[in-house]
Structures are given as C-alpha cells and as structure tokens.
Amino acid sequence: MAQVNQQSQKPGQQGQRMQSGQGTQFADKDILQLALNESKHTAEALNSFILESTNEQLRRDYMTVLGDVYNQQKQVFDLMQQKGFYSVENATAQQISQVQSKFSGQLQ
C-alpha cells in the first residue's frame, strides 16, 4: 500500500541533542535517523555499482549485499515506527487511483 512519509516527534521526547561535559550526546531518534539515511545512501551506491558492473560475479555479490542493506533498512524503519519517531499515513483509494491514472496514460 502506498504511504506518505510524516516523521513525528512527541513533545519533549528524545528529539533534542543533549549537552554534557564531554560533548554532544545524540538522542535515540537522531541515531536511528542517521542509520536510516546511511542505509538509503548505501543502497543508492550499491545500485549504481550493480548497474555499472561488467563482472558477473561482482554484480551478483553487490546484489546480495544490496539485499542485506534493504533488510537492515527495514529493521531500522520498523524500530523508528515502533518508537513513534517515524509515522506514515496510508494513501487513500482516491490518491492511489489518481496516481494510477496519471501513469497509465504514460505507459501506453
């Protein structure tokens, strides 16, 4: 089902960086957001490597690693949703229909 990204933050909940005598400490939300962003960048890079690889074994290896990155990204995403750091709104039937009609004309 299509989803719309809406990152949420509850008031006063682990969204702020805290100062300590030893420097900045990152909140759980910040760390998870960094992990999610890095997994997305890694997937983008691996996708480019796969598309540009001329060695078939190397290509298969990159594809295996990409699958692992996708799995890790999903775990981080699920954890963020569970903690209330990342909420999504399901698209309505009307929104899905509008997108389908927009693209169905382009594919013919």
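Residues numbered from 1 in each chain as written. Predicted model: local features only at pLDDT ≥ 70, side-chain atom pairs only at ≥ 80, totals over all residues. Heavy atoms only, no water.

Whenever I open this one, the overall build of the protein confuses me. Can you help?
Assigned secondary structure in the protein consists of three helices and four strands. Order of helices (α) and strands (β) in the protein, N terminus to C terminus: β-β-β-α-α-β-α. Sorting the 108 residues of the protein into buried and exposed places 19% on the buried side. Considering only contacts within the protein whose residues lie at least 6 apart along the sequence, 60% involve residues at least 24 apart. Split by element, the accessible area of the protein, about 8200 Å² in all, is 50% carbon and sulfur. (Helix = DSSP H or I, 4+ residues; strand = E, 2+ residues; numbered from the N terminus. Buried < 20%, exposed > 50% of the residue type's maximum accessible area, 1.4 Å probe, protein only. Contact = heavy atoms within 4.5 Å. Areas by Shrake-Rupley, 256 points an atom, 1.4 Å probe, with all protein chains shown as cover.)

How should the packing of helix α1 (residues 28-52) against helix α2 (residues 56-82) be read in this particular structure?
Packed helices, taken two at a time, are described by the angle between their axes plus the distance between the axes. It is at 9 Å that the axes of α1 and α2 come closest, and there the two elements cross at 160°. Taken together, the axes of α1 and α2 lie roughly antiparallel to each other. Where α1 crosses over α2, the two elements pack in a sense that is left-handed. Facing L32, Q33, A35, L36, S39, K40, T42, A43, L46, F49, I50 and L51 of α1, the residues of α2 in contact are R59, Y62, M63, V65, L66, V69, Y70, Q73, V76, F77, L79 and M80. (Axes fitted to C-alpha atoms, helices over the stretch in contact; angles between N-to-C directions. Parallel < 35°, antiparallel > 145°, perpendicular 65-115°, else oblique. Left-handed = near helix turned anticlockwise from the far one by under 90°.)

Mind showing me how you'd approach α2 here?
Helix length check: α2 (27 residues) gives 39 Å between terminal C-alpha atoms against 39 Å at 1.5 Å per residue, within 8%. Turning to α2, its buried residues are L66, V69, V76, F77 and M80. Two or three places before Q57, at the opening of α2, N55 has a side-chain oxygen 3.0 Å from that residue's backbone nitrogen. Following α2 by one or two positions, G84 adopts a phi angle in the positive range, close to 80°. (Expected span 1.5 Å × (residues − 1). Polar contact = N/O pair within 3.5 Å; in protein donor to acceptor, adjacent residues only side chain to side chain.)

Looking at this structure, I do not really get α1. What am I missing?
Two residues of an α-helix separated by three or four positions point the same way, owing to the 3.6 residues in each turn. In a regular helix each residue adds 1.5 Å, so 25 residues correspond to 36 Å; α1 covers 36 Å between its end C-alpha atoms and thus fits that length. Residues of α1 that are buried: K29, D30, L32, Q33, L36, S39, A43, L46 and I50. Those residues of α1 that are buried are in contact with α2.

Would you mind showing me how to read the packing of aromatic side chains here?
All chains considered together, the criterion is met by two aromatic pairs. Both rings, one in F49 and one in Y62, keep their centres 5.2 Å apart while their planes meet at 40°; by these two values the pair is tilted. One end of the pair, F49, is in helix α1; the other, Y62, is in helix α2, and 13 residues separate them in sequence. Both rings, one in F77 and one in Y86, keep their centres 5.0 Å apart while their planes meet at 70°; by these two values the pair is edge-to-face. Judged by its relative accessible area of 13%, F77 is buried. Taking the relative accessible area as the measure of exposure, Y86 reaches 7% and is therefore buried. (Phe/Tyr/Trp six-rings, centres within 6.5 Å; stacked < 30°, edge-to-face > 60°.)

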